[in-house]
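# Tertiary structure, described
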Amino acid sequence: MNMDDVARRGLVLLGCGKMGSALLDGWLKGGLPPVSVWVVDPGPSDWLKTTGVHVNADLPDDPAVALVAVKPQMMGEALPAMQALGGGGTLFVSVAAGTPLARFESTFGAATPIVRTMPNTPAAIGRGISALIGNAAATDDHLALAEALMGAVGQTVRLADEGQMDAVTAVSGSGPAYVFHLIETLAAAGVAQGLDPDLAMALAKATVGGAGQLAEDSPEDPAQLRRNVTSPNGTTQAALEVLMDAQTGFPMLLARAVSAAADRSRELAHG
């Protein structure tokens with residue numbers, strides 16, 4: 001299956017909130033015909049109504065893909081509506097956090113190809129990263145198609161096993177919030193040193209955003225980029241001696257934070 005099959009057989013999008021809308025926008029901009037898309041959403045947005053896709057209409061009998069983008073707590077009422085599409089002909093792709101492959105297999109049958117993904121919120125500006133894992137029925141072609149669909153909102157990576165999804169959730173799924181908090185606290189520290197709040201926030205946002213872009217674009221790894229900025233006995237070194245402290249700095253703090261998120265992800269997945 002490829003995007004031509006999707007255009008010919010159709011794609012069903014279950015849920016069109018922020019993530020669903022970002023994906024749909026990416027697919028349409030990438031050339032997927034609006035008439036090939038069926039969206040099921042109880043409260044369609046004004047934007048969705050202008051796209052030309054089918055909204056809350058009768059679904060095709062054998063779509064190429066059904067993508068599930070509802071909140072996990074809505075899954076119980078949303079999935080039964082799609083049960084008729086199970087059985088093998090339709091690839092199911094889930095972007096719902098904390099919902100294991102087994103949950104979908106119990107609804108649609110183990111013969112149904114299912115790919116579970118974990119995207120993150122920078123998908124809204126096409127800068128997301130999504131981790132993917134398929135069930136036993138999902139072939140390489142299915143995974144490649146899921147990657148093409150998720151590639152509409154950023155980068156993709158494949159996992160070796162589903163157990164890694166809790167760690168992915170803790171690093172990239174929840175990770176944007178850690179960076180936003182870094183911006184908040186960096187700006188507040190600037191204010192404490194005498195800067196105007198608006199100026200401190202502008203400096204913090206641009207610094208974190210620019211450094212992130214540099215880390216992605218540079219052939220050098222982040223450790224080398226850090227060393228490049230750090231003059232011996234200079235201002236950066238003075239700050240890094242605080243931040244890199246093994247007990248009170250980033251190494252221990254982020255390890256604890258990511259561990260807490262991963263533990264919570266495991267709890268939620270196992271009910």
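Everything below is about the structure shown above.
Please read all numbers here as calculations on a predicted model, not as lab measurements.

The rules behind the values
Within any chain, residue numbers begin from 1 and follow the written order of that chain's sequence. Whole-chain, interface and lining totals are the exception, using all residues; otherwise, since this is a predicted model, local features are given only for residues with pLDDT of at least 70 and side-chain atom pairs are given and counted only at 80 or more. Computation of side-chain values: all heavy atoms of the structure, hydrogens and water removed. The angle between two axes is taken between their N-to-C directions and runs from 0 to 180 degrees, where each axis is a line fitted to C-alpha atoms and a helix contributes only its stretch in contact. Secondary structure counts use DSSP, requiring at least four H or I residues in a row for a helix and at least two E residues in a row for a strand, with both numbered from the N terminus. When an angle is under 35 degrees it counts as roughly parallel; over 145 it counts as roughly antiparallel; between 65 and 115 it counts as roughly perpendicular; any other value is oblique. By the definition used in this description, the sense in which the near helix is turned from the far one sets the handedness, with an anticlockwise turn below a right angle giving left-handed and a clockwise turn giving right-handed. Contacts are assigned to residue pairs that have any heavy atoms within 4.5 Å of one another. Between any two strands, pairing holds if DSSP finds at least two bridges. Stacked, edge-to-face and tilted are the three classes for Phe, Tyr and Trp ring pairs, Trp counted by its six-membered ring, which pair at centre distances within 6.5 Å; planes under 30 degrees apart are stacked, over 60 edge-to-face, the rest tilted. Only protein chains enter the calculation, and the probe is 1.4 Å; a residue is then buried if its accessible area is under 20% of its type maximum, exposed if over 50%, and partly exposed in between. What makes a salt bridge here is a side-chain nitrogen of Lys or Arg within 4 Å of a carboxyl oxygen of Asp or Glu, nothing more. A cavity here means a set of points on a 1 Å grid, drawn over the protein atoms and nothing else, where a 1.4 Å probe fits but cannot get out; a pocket is an open set with protein on both sides within 12 Å along at least five of seven lines, and a residue lines either one if it has an atom within 4 Å of a point. Grid points are joined across faces, edges and corners, and a volume is the space filled by probe spheres set on the points. Under the scheme applied here, ten amino acids are nonpolar (Ala, Val, Leu, Ile, Met, Phe, Trp, Tyr, Cys and Pro), four are charged (Asp, Glu, Lys and Arg), and all others, including Gly, are polar. Directions are taken from the helix axis to each C-beta atom, and the arc is the one they span.

Axes are the key here: two packed helices are described by the angle between their axes and the distance separating the axes. The N-to-C vectors of helix H8 (residues 175–192) and helix H9 (residues 197–217) enclose an angle of 140 degrees; their axes lie 8 Å apart at closest approach. Here H8 is positioned oblique relative to H9, judged by the angle of their axes. For the crossing formed where H8 meets H9, the hand is right-handed. Between H8 and H9, the contacting residues are Val-179, Leu-182, Ile-183, Leu-186, Ala-187, Gly-190 and Val-191 on the first element and Pro-197, Ala-200, Met-201, Ala-204, Lys-205 and Val-208 on the second.

The next thing to look at is the sheet that holds strand E4 (residues 65–68). Strand order across the open sheet formed by eight strands is E3-E2-E1-E4-E5-E6-E7-E8, with mixed pairing between neighbours. Edge strands, defined here as strands with exactly one partner in the open sheet, are strand E3 (54–55) and strand E8 (154–158). Bridge count for strand E5 (residues 91–94) against strand E6 (residues 114–118) is three bridges, and the pairing is parallel. Within the sheet, the bridge partner assigned to Phe-92 lies in E6 and is Ile-114. Of the strands in this sheet, E4, E5, E6 and strand E7 (128–134) touch helix H5 (residues 101–108), which is tilted by about 145 degrees from E6.

Turning our attention to the packing of aromatic side chains. Describing an aromatic ring pair means giving the distance of the ring centres and the angle of the ring planes. Applying the stated rule across the entire model yields one aromatic pair. Taking the centre distance of 4.0 Å and the plane angle of 25 degrees together, the rings of Phe-92 and Phe-108 count as stacked. Taken together, the residues Phe-92 in strand E5 and Phe-108 in helix H5 connect sequence positions 16 residues apart. Of the two residues examined, Phe-92 and Phe-108, each falls in the buried class.

The subject of this paragraph is the pattern of salt bridges. If you walk through the whole model with that rule in mind, you get 10 salt bridges. Between Arg-116 and Glu-162 there is a salt bridge, and its shortest N-O distance comes to 2.8 Å. With a gap of 46 residues between them, Arg-116 in strand E6 and Glu-162 in the loop between E8 and helix H7 (165–173) connect regions that are remote in the sequence. The class for Glu-162 is partly exposed, based on a relative accessible area of 24%. The closest approach of N and O atoms between Arg-158 and Glu-147, which form a salt bridge, is 2.9 Å. Taken together, the residues Arg-158 in strand E8 and Glu-147 in helix H6 (residues 140–150) connect sequence positions 11 residues apart.

Next up on the list: the layout of surface pockets. Remark: the empty space left among the atoms is shown by a probe the size of a water molecule rolled over them. Quantified by volume, the largest pocket comes out at close to 2300 Å³. Forming the walls of the largest pocket are 47 residues, and the residues nearest its centre are Val-179, Leu-182, Val-208, Ala-211 and Gly-212. Listing elements by their share of the lining of the largest pocket, those giving two or more residues are E7, H7, H8, H9, helix H10 (222–229), helix H11 (235–243) and helix H12 (250–269). Partitioning the lining of the largest pocket into residue classes produces 29 nonpolar, 14 polar and four charged. Space inside the second largest pocket adds up to approximately 800 Å³. Elements that contribute at least two residues to the lining of the second largest pocket include exactly helix H2 (18–29), helix H4 (75–78) and H7. The dominant element in the lining of the second largest pocket, judged by the number of residues it contributes, is H2, at three residues. Here the lining of the second largest pocket is composed, by residue class, of 18 nonpolar, nine polar and four charged.

Turning to H5, a few remarks are in order. For an α-helix the count is 3.6 residues per turn, leaving residues at separations of three or four pointing the same way. The complete set of buried residues in H5 reads Leu-101, Phe-104, Thr-107 and Phe-108. Each buried residue of H5 lies within a common arc of 125 degrees when the element is viewed along its axis, so the set occupies one face. Facing away from the buried side of H5, by more than 90 degrees, are the exposed residues Ala-102 and Ser-106. Looking at the buried residues of H5, the elements they touch are E4, H4, E5, E6 and E7.

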